[in-house]
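Structural features, examined
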Amino acid sequence: TGAIGLYNVGQSCCLNSLLQVFLMNTHFTRILRRITVPPHAVQKRRNVPYQMLLLLEEMQRSKQKAVSPIAFASCLSIYRVKLFVQHDASQLFLTLWNLIKRQMKKPELVEELNDLYTICVQEHLTCQKCSSETKRNSSMLTLPLPVLDSNSHMLKTLEECLQYFFHPEELTDHNMCFCEQCGRKTPFLQSMKLVHLPQTLTIHLKRFCFKKSTYIHKLSHYLPFPQDLDFNAVLTENQCQADDSEKATWKYEIFAVVAHSGSTNCGHYCAYVRSLTECKWYCFNDSEVCQVLWDDVKCTYGHCNLHWGETAYLLIYMKKCPQ
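Residues numbered from 1 in each chain as written. Predicted model: local features only at pLDDT ≥ 70, side-chain atom pairs only at ≥ 80, totals over all residues. Heavy atoms only, no water.

Description of the state of the cysteines
- Overall, the coordinates contain zero disulfides when judged by the stated rule.
- Cys-14 provides the cysteine sulfur closest to Cys-75, a residue in no disulfide bond, and the two sulfurs are 17 Å apart.
- The buried category is assigned to Cys-75, whose relative accessible area is 0%.
- Of all cysteine sulfurs, the one in Cys-240 lies closest to Cys-120, which takes part in no disulfide; the gap is 14 Å. (Disulfide = S-S within 2.5 Å. Buried < 20%, exposed > 50% of the residue type's maximum accessible area, 1.4 Å probe, protein only.)

Spelled out as structure tokens, the structure:
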């Protein structure tokens, strides 16, 4: 199953959690196993996909409860990814993914990696005076969902967070945009429409925010997320820019949760991952790995009175196989 722990080699709990999510994803490891192996020792030490592949093979061969990711961490340090510092899981995930993508030499593997993780959206800006509209397609690696609305009210479910993210926003007063048709700044309506969802969907719950612009505050309130997620049942027709064949694939089931406990300055990460080969849940807490139940994963929903408690931060959903 690859359910082997990773030793903490210097506040590497964030890195360890993300590695477990990557390496337990068989869709990702099928791509990883087909990379071009660098010909020289120096290149091998500097190549992130190759070092990740070595770590995967060591984890699969090991008879121990855990292995050390020190060679992989040393490789990352070449690219200024430091040990002995507190990392943010969403930022480190983006850094790792970009390094992997940039160092994969085969164009077909880069394309497969994009297909596996990349979300496509279309941004709309509409002038409220003359109705002129501009559209721009863009891609993102995660869906960064706010957990508070514009009035700082707590959003109550993951579905509510998704609806709020794709809800049109009025740009007025100091947020007005310049309209070329009108020749001046006017109120605009800004909206985001969903175009394409990948095989592996990563959702970033924005639980860290600035409070009074002075310090970063962790939002630990209760926010449940479902095992099964159907975007067609969550978003309206106006929030989608896709044909029926694309939308037919927008049914997901939870694959992994990267959870954070502690405070912003002194925290710890662990990962809950559902084995795609066994369909069993495991908790990866650095070198400790144990089998858990869905009820244990639900403990990461959060609690207003437990600011130091374990709270889901990254949610990874896997596209359901068609019947």
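That shown, we press on.
Quick notes on helix 8 (residues 158-165)
- Those residues of helix 8 lying buried are Leu-158, Cys-161, Leu-162 and Phe-165. The buried residues of helix 8 all sit within an arc of 100 degrees when viewed along its axis, so they share a single face.
- Here the buried face of helix 8 lies against strand 5 (143-146), strand 9 (188-196), strand 10 (200-206), strand 13 (228-230), helix 9 (231-234) and strand 18 (311-319). (Helix = DSSP H or I, 4+ residues; strand = E, 2+ residues; numbered from the N terminus. Arc of directions from axis to C-beta. Contact = heavy atoms within 4.5 Å.)

A short note on the pairing of strand 17 (residues 288-292)
- Sheet analysis places strand 16 (residues 281-285) next to strand 17, joined by five bridges and oriented antiparallel. Opposite Tyr-282, over in strand 17, you have Gln-291 as the bridge partner.
- Counting the residues that bridge the hairpin from strand 16 to strand 17 gives two residues, and of these Asp-286 lies at a positive phi of roughly 55 degrees. (Pairing = 2+ DSSP bridges.)

With respect to helix 4 (residues 48-61)
- Look at helix 4: 20 Å from first C-alpha to last across 14 residues, which is about the 20 Å you get at 1.5 Å a residue.
- All of the buried residues along helix 4 are Val-48, Pro-49, Tyr-50, Gln-51, Met-52, Leu-53, Leu-55, Leu-56 and Met-59.
- By the N-cap criterion, in which a side-chain oxygen at the helix start approaches the backbone nitrogen of a residue two or three places on, helix 4 is capped by Asn-47, the distance to Tyr-50 being 2.8 Å. (Expected span 1.5 Å × (residues − 1). Polar contact = N/O pair within 3.5 Å; in protein donor to acceptor, adjacent residues only side chain to side chain.)

Considering unusual backbone geometry
- Not every positive phi belongs to a glycine, and Arg-80 is a case in point at roughly 65 degrees.
- Note that Arg-80 resides in the loop between helix 5 (70-77) and helix 6 (89-103).

As for the pairing of strand 10
- The buried fraction of strand 10 amounts to six of the seven residues, a majority that puts the element mostly inside the structure.
- By the bridge criterion, four bridges tie strand 5 to strand 10 in an arrangement that is parallel. Following the sheet pairing, Leu-143 is matched in strand 10 by Ile-203.

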